Amino acid sequence: MAIATGEVRDGPDPRSIRLPGIVLGVGLGGFVDGILLHQLLQWHHMLTSTNTDRIGIKYYSPHTVSGLRMNTVWDGIFHTVCWLAVLIGLALLYSRVTHGRRRVWGSRVLWGWVLAGWGLFNLVEGLLDHQILGIHHVHGGPYQVWWDIGFLVMGALLLVGGWALQRGGRALPPERGA
């Protein structure tokens, strides 16, 4: 495929790894959110703000055993969805890459799309769960709106940065057999 700079791209078309990269980024971004914010920092769980949500879900306080159990179940459901996204992203990537797999894994194109997928996760999750549904926030308390805005800004930066990274990359020719 010829591109504007006159460079010829051999190997897999970078667009063919767009979807796998985005799906991997969504799953991996979800894992960062779930592991870091839900488990390690314990800033929130899936249902920690349902006492002030916009859809009427029963409140499960993370400060009681029964409430923490219900939040943990929903965190597990969230992690299951993330795990499935990673598996689907890997399956899509494997199905689209037949030559030069090692080079594709090291390419700016793939990792740019992974970052873009992570940013997409942050934007969708931040808008849906934090803003529209209000079922949890990044870090509850008097400054929660700023934490939520920061999460959205980080998502936008990851999306734009990932898109720019993949634009600066190029598909590499397949490796020659030994």
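Everything numeric here is computed off the predicted structure, so don't read it as measured data.

1. Notes on the overall build of the protein
In step 1: Across its full length, the protein holds five helices and zero strands.
In step 2: When the helices and strands of the protein are read in sequence order from the N terminus, they spell out α-α-α-α-α.
In step 3: Sorting the 178 residues of the protein into buried and exposed places 39% on the buried side.
In step 4: Sequence separation of at least 24 residues holds for 74% of the intrachain contacts in the protein that already meet a minimum separation of 6.

2. Quick word on the packing of aromatic side chains
In step 1: Counting across every chain of the model gives two aromatic pairs.
In step 2: For the ring pair Trp43 and Trp147, a centre distance of 4.6 Å and an interplane angle of 65° mean the geometry is edge-to-face. Highlighted residues: Trp43 in the loop between α1 (18–40) and α2 (65–96) and Trp147 in helix α5 (residues 144–168), separated in sequence by 104 residues.
In step 3: Given the relative accessible area of 26%, Trp43 is considered partly exposed.
In step 4: Both rings, one in Phe78 and one in Phe121, keep their centres 6.0 Å apart while their planes meet at 45°; by these two values the pair is tilted. With Phe78 in helix α2 and Phe121 in helix α4 (residues 108–132), this residue pair connects regions lying 43 residues apart in the sequence. Comparing Phe78 with Phe121 shows no difference in burial state: the two are buried.

3. Here's the deal with α1
Residue pairs three or four apart in sequence face the same way in an α-helix, which turns once every 3.6 residues.
In step 1: Under the 1.5 Å per step criterion, the end-to-end length of α1 is 31 Å for 23 residues, consistent within 8% with the ideal 33 Å.
In step 2: Buried residues in α1 make contact with α2, α4 and α5.
In step 3: Positive backbone phi, at 55°, marks Gln42, one or two positions downstream of α1.

4. Things to note about the environment of Trp111
In step 1: Within the secondary structure layout, Trp111 lies in helix α4.
In step 2: Sequence-distant contacts of Trp111, that is, excluding residues within four places in its chain, are made with Trp105, Gly106 and Leu165.

5. Digging into the side chain of Ser49
In step 1: Within the secondary structure layout, Ser49 lies in the loop between α1 and α2.
In step 2: Among residues more than four places away in sequence, those in contact with Ser49 are Gly134, Ile135, His136 and His137.

6. So, unusual backbone geometry
In step 1: The residue Gln42 is not glycine, and still its phi comes out positive at about 55°.
In step 2: Along the chain, Gln42 turns up in the loop between α1 and α2.
In step 3: Take Gln42: its relative accessible area is 56%, and that puts it in the exposed class.

7. Observations regarding the environment of Val32
In step 1: Assignment of secondary structure puts Val32 in helix α1.
In step 2: On the basis of relative accessible area, Val32 is assigned to the partly exposed category, the value being 34%.
In step 3: Spatially, the C-alpha atom of Val32 lies 9.9 Å from that of Cys82, the residues being 50 residues apart in sequence.
In step 4: Those residues in contact with Val32 that sit more than four places away from it in its chain are Leu37 and Trp118.

Calculation criteria
- Residues numbered from 1 in each chain as written.
- Predicted model: local features only at pLDDT ≥ 70, side-chain atom pairs only at ≥ 80, totals over all residues.
- Heavy atoms only, no water.
- Helix = DSSP H or I, 4+ residues; strand = E, 2+ residues; numbered from the N terminus.
- Buried < 20%, exposed > 50% of the residue type's maximum accessible area, 1.4 Å probe, protein only.
- Contact = heavy atoms within 4.5 Å.
- Phe/Tyr/Trp six-rings, centres within 6.5 Å; stacked < 30°, edge-to-face > 60°.
- Expected span 1.5 Å × (residues − 1).

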